[in-house]
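Examining the three-dimensional arrangement
Given next are the chains, with one letter for each unit.
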Amino acid sequence: MLFNSTAYLIFLPVVVGLFFALPHRLRWLLLLVASCVFYMAFVPVYILILAFTIMVDYVAGIVIEPARGRARRMFLVASIVANVGVLAIFKYYPFLTENLELLLGSIGIRHHFPDLGILLPIGLSFHTFQSLSYTLEVYHDRQPAERHFGRFALYVMFFPQLVAGPIERPQNLLPQFKARRSFSLEDLSWGLVKILYGLFKKVVVADRLAPFVDAVYADIPGSNGLTILLATLFFTVQIYCDFSGYSDIAIGSARIMGYRLMENFKRPYLSTSIREFWGRWHISLSSWFRDYLYIPLGGNRVVKWRWYYNLMITFLVSGLWHGASWTFIIWGALHGVYMVLGQLFRTHGPRTTATVVTDRLPRSRRVLQALLTFGLVALAWVFFRATSAPDAILALRKGMTLAGGLHVGNGTRETDAFHLLACFAAIALLALSYKLPMDLRVRHPRVLMVLTTLIIILFGRNGGEFIYFQF
């Protein structure tokens, strides 16, 4: 069920109404049933995969908690293998077998692995990581094992953040399911404002930019440098609005019922370094990798070469998490290189005339750093968006030339003057939304809701699924 669909427009008020009509002891059951309905609206049979993950990690938590020594580690390993195994089969099997066939072919061995013919379950990486975080927290004695099976299942399946996060930790969400909730006008207004702002980002900005981006990246060889550069800049805004818009709707939907989910984005394109960017972008995932991969590898508490190795491994795995393709791995590797070079420059970088001057003008320095960071992030997005590594490299080569006018090789109408003007107007509206006075956002939520609703009705377009559904 899509957040930007009529079905969800009906689904959410019905669930909220029943939630506050029912006694506290039955609310977890209502939310669990609603979450099942929500997920089964996509591919019903894939709920069995969720059921398997829930059963494995529910049992794992219970057996890990009292265990010690080798048995404790074995139970954790079993949980990790089961979760990663599901990902390997449903998400990475085609990628692994394709590359293995190429490797075998290079040494003269011809072998064809069977095609399983399975589709990637929607949101698989998100709810797998959320469930796995529970067993990891129990293992590290930071979370008691949950004995109530229904509440644990709800923790994994809670419909607002089931498909694309935020990836919640058990310490935040499980206690909230146990606490009694009463209807609050403040939660209702705050949640509705958040939902409407998320819809604005999705249907007014992201879906407005998507056709131009899709048309250009569908024919990189036939598109010129200026067009590719503009499409890349549009995609940089599109993916932010698409994903942060989903997170806003998820957070707002939960807040109406009194539940508080973590913020997933904090204006990442205002970052002045790649390190700061990852503290603002997809925060629930970046903190997941920090806590469960980077720190266990040793983090920065090791010799420098090992520190840089830990950074690279973390970002390579992050790239692979996003998709079973070399383009995603390269995207992750680029961010790893950015992080390593950034650290090297901070430690050993020369003090040029430019840095001396900007030290005296801190605001100018922040602007230059933000522009450089934005440029590096946009460059990496080329690999994230391109359908293949050769296409991404060709796009970068052409984008550096800036030759020719705006032209897409396949001759679509998405490059006409009216459509481009609408794209720039959408981006301008997004920028203006950041400048809204605080009293309008906090003290006058009704005014903001009416204004946002009108903009959505007048300028929105329904572009279908959210980008991160495929991950």
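Residues numbered from 1 in each chain as written. Predicted model: local features only at pLDDT ≥ 70, side-chain atom pairs only at ≥ 80, totals over all residues. Heavy atoms only, no water.

If you tally the helices and strands in the protein chain, you get 19 helices and 0 strands. Radius of gyration (C-alpha) of the protein chain: 23 Å, near the 23 Å computed for a compact globule of 471 residues. Considering only contacts within the protein chain whose residues lie at least 6 apart along the sequence, 77% involve residues at least 24 apart. Looking at the protein chain as shown, the accessible area adds up to about 22200 Å², and 68% of this sits on carbon and sulfur atoms. For the protein chain, the centre of its 44 positive side-chain charges and the centre of its 25 negative side-chain charges are spaced 8 Å apart. (Helix = DSSP H or I, 4+ residues; strand = E, 2+ residues; numbered from the N terminus. Rg over C-alpha atoms; globule rule 2.2 N^0.38 Å. Contact = heavy atoms within 4.5 Å. Areas by Shrake-Rupley, 256 points an atom, 1.4 Å probe, with all protein chains shown as cover. Lys, Arg positive; Asp, Glu negative; His and termini not counted. Charge placed at Lys NZ, Arg CZ, Asp CG, Glu CD.)

Before going further, it helps to examine the packing of aromatic side chains. Summed over all chains, the structure comprises 55 aromatic pairs. With centroids separated by 6.5 Å and ring planes inclined at 35°, the aromatic side chains of phenylalanine 235 and phenylalanine 384 adopt a geometry described as tilted. Of this pair, phenylalanine 235 sits in helix H9 (residues 225-256) while phenylalanine 384 sits in helix H15 (residues 362-385), placing them 149 residues apart in sequence. In this structure, phenylalanine 235 and phenylalanine 384 share a single accessibility class: buried. Ring centres 5.9 Å apart and planes at 25° place the aromatic pair tryptophan 307 and tyrosine 308 in the stacked group. Taken individually, tryptophan 307 and tyrosine 308 each receive the classification buried, so the pair is uniform in this respect. The ring centre of tyrosine 139 lies 5.4 Å from the NZ or CZ of arginine 72, which sits over that ring. (Phe/Tyr/Trp six-rings, centres within 6.5 Å; stacked < 30°, edge-to-face > 60°. Buried < 20%, exposed > 50% of the residue type's maximum accessible area, 1.4 Å probe, protein only. Lys NZ or Arg CZ within 6 Å of the ring centre and 35° of its normal.)

Evaluation of the coordinates by the stated rule reveals 15 salt bridges. Across the pair lysine 202 and aspartate 207 runs a salt bridge, and its minimum N-O distance is 3.1 Å. Look at lysine 202 and you get buried, because its relative accessible area is 1%. Members of the salt-bridge network, linked through shared partners, are Lys194, Lys201, Asp248 and Glu263. (Salt bridge = Lys/Arg side-chain N within 4 Å of Asp/Glu carboxyl O.)

The subject of this paragraph is the nonpolar core. Membership of the largest hydrophobic core comes to 130 residues, with the highest contact counts inside it found for Phe158, Phe159, Trp281 and Tyr468. The element contributing the most residues to this core is H9, with 16 residues. (Core = buried A, V, L, I, M, F, W, Y, C linked by side-chain atoms within 4.5 Å.)

With that out of the way, let us pick up the packing of helix H8 (residues 185-217) against helix H17 (residues 417-433). Packing of H8 against H17 brings their axes to within 9 Å, and their N-to-C directions diverge by 150°. Put simply, H8 runs roughly antiparallel to H17. Taken as a pair, H8 and H17 cross one another with a handedness that is left-handed. Facing H8, whose interface residues are Tyr197, Phe200, Lys201, Val204, Val205, Arg208, Leu209, Pro211 and Phe212, H17 presents His419, Leu420, Ala422, Cys423, Ala426, Ile427, Leu429, Leu430 and Ser433. (Axes fitted to C-alpha atoms, helices over the stretch in contact; angles between N-to-C directions. Parallel < 35°, antiparallel > 145°, perpendicular 65-115°, else oblique. Left-handed = near helix turned anticlockwise from the far one by under 90°.)

A few words on the environment of glutamate 98. Along the chain, the position of glutamate 98 falls in helix H4 (residues 69-106). A sequence separation of 14 residues divides glutamate 98 from histidine 112, and the C-alpha atoms of the two residues are 8.7 Å apart.

Let's shift gears to the environment of glycine 222. Along the polypeptide, glycine 222 turns up in the loop between H8 and H9. For the pair formed by glycine 222 and lysine 398, sequence separation is 176 residues and the distance between their alpha carbons is 10 Å.

Two elements in contact, helix H11 (residues 283-297) and helix H12 (residues 304-322), have axes separated by 10 Å at closest approach and are oriented at 140°. Here H11 lies oblique to H12, going by the angle between them. In the crossing of H11 with H12, the sense of the turn from one axis to the other is right-handed. Taken together, the residues of H12 that come into contact with H11 (itself represented by Leu285, Phe289, Leu293, Tyr294 and Leu297) are Arg306, Trp307, Asn310, Leu311, Ile313, Thr314, Val317, Ser318, Trp321 and His322. Residue composition of the contact of H11 with H12, by class: 10 nonpolar, 4 polar and 1 charged. (Nonpolar A, V, L, I, M, F, W, Y, C, P; charged D, E, K, R; others polar.)

This part takes up the environment of phenylalanine 328. Here phenylalanine 328 shows up in helix H13 (residues 326-348). Considered as a pair, phenylalanine 328 and leucine 368 are 40 residues apart in the sequence and their alpha carbons are 28 Å apart.

Time to look at helix H3 (residues 47-64). Taking 1.5 Å per residue, 18 residues should reach 26 Å; H3 reaches 25 Å between its end C-alpha atoms and fits that length. Listed as buried for H3 are Ile47, Ile49, Leu50, Thr53, Ile54, Asp57, Tyr58, Ala60, Gly61 and Ile64. Angularly, the buried residues of H3 cover 165° about the axis, an arc narrow enough to put them on a single face. (Expected span 1.5 Å × (residues − 1). Arc of directions from axis to C-beta.)

The terminal C-alpha atoms of H15, which comprises 24 residues, lie 34 Å apart, in line with the 34 Å expected from a rise of 1.5 Å per residue. Among all positions of H15, only Ala370, Thr373, Val377, Ala378, Ala380, Trp381, Val382, Phe383, Phe384 and Arg385 are buried.

Our next topic: unusual backbone geometry. In this structure, aspartate 141 takes a positive phi of about 60° despite not being glycine. Tracing the sequence through the fold places aspartate 141 in the loop between helix H5 (124-139) and helix H6 (149-157). Backbone geometry at histidine 282 places phi at a positive 40°, although glycine is not the residue there. Tracing the backbone through its elements, the reader meets histidine 282 in the loop between helix H10 (274-277) and H11.

Here lysine 202 lies in helix H8. Residues in contact with lysine 202, not counting those within four places in the same chain, are Asn4, Asp207, Cys241, Asp242, Gly464, Glu465 and Phe466.

Here the structure, examined in full by the defined rule, presents 0 disulfides. Among the cysteines around cysteine 423, which has no disulfide bond, cysteine 241 carries the closest sulfur, lying 12 Å off. Look at cysteine 423 and you get buried, because its relative accessible area is 0%. (Disulfide = S-S within 2.5 Å.)

Here asparagine 4 shows up in the segment before helix H1 (6-21). Residue asparagine 4 is classed as buried on the basis of its relative accessible area, which comes to 9%. Not counting residues within four places of it along the chain, the set of residues in contact with asparagine 4 comprises Leu199, Lys202, Val203, Asp207, Asn462, Gly464 and Phe466.

What follows covers the confidence of the model for the protein chain. Within the protein chain, residue pLDDT values average 88, and 92% of them lie at 70 or more. Helix H14 (residues 353-360) is the least confidently modelled element of the protein chain, averaging 52 in pLDDT, while H6 averages 96, the highest of any element. (pLDDT = per-residue confidence, 0-100.)

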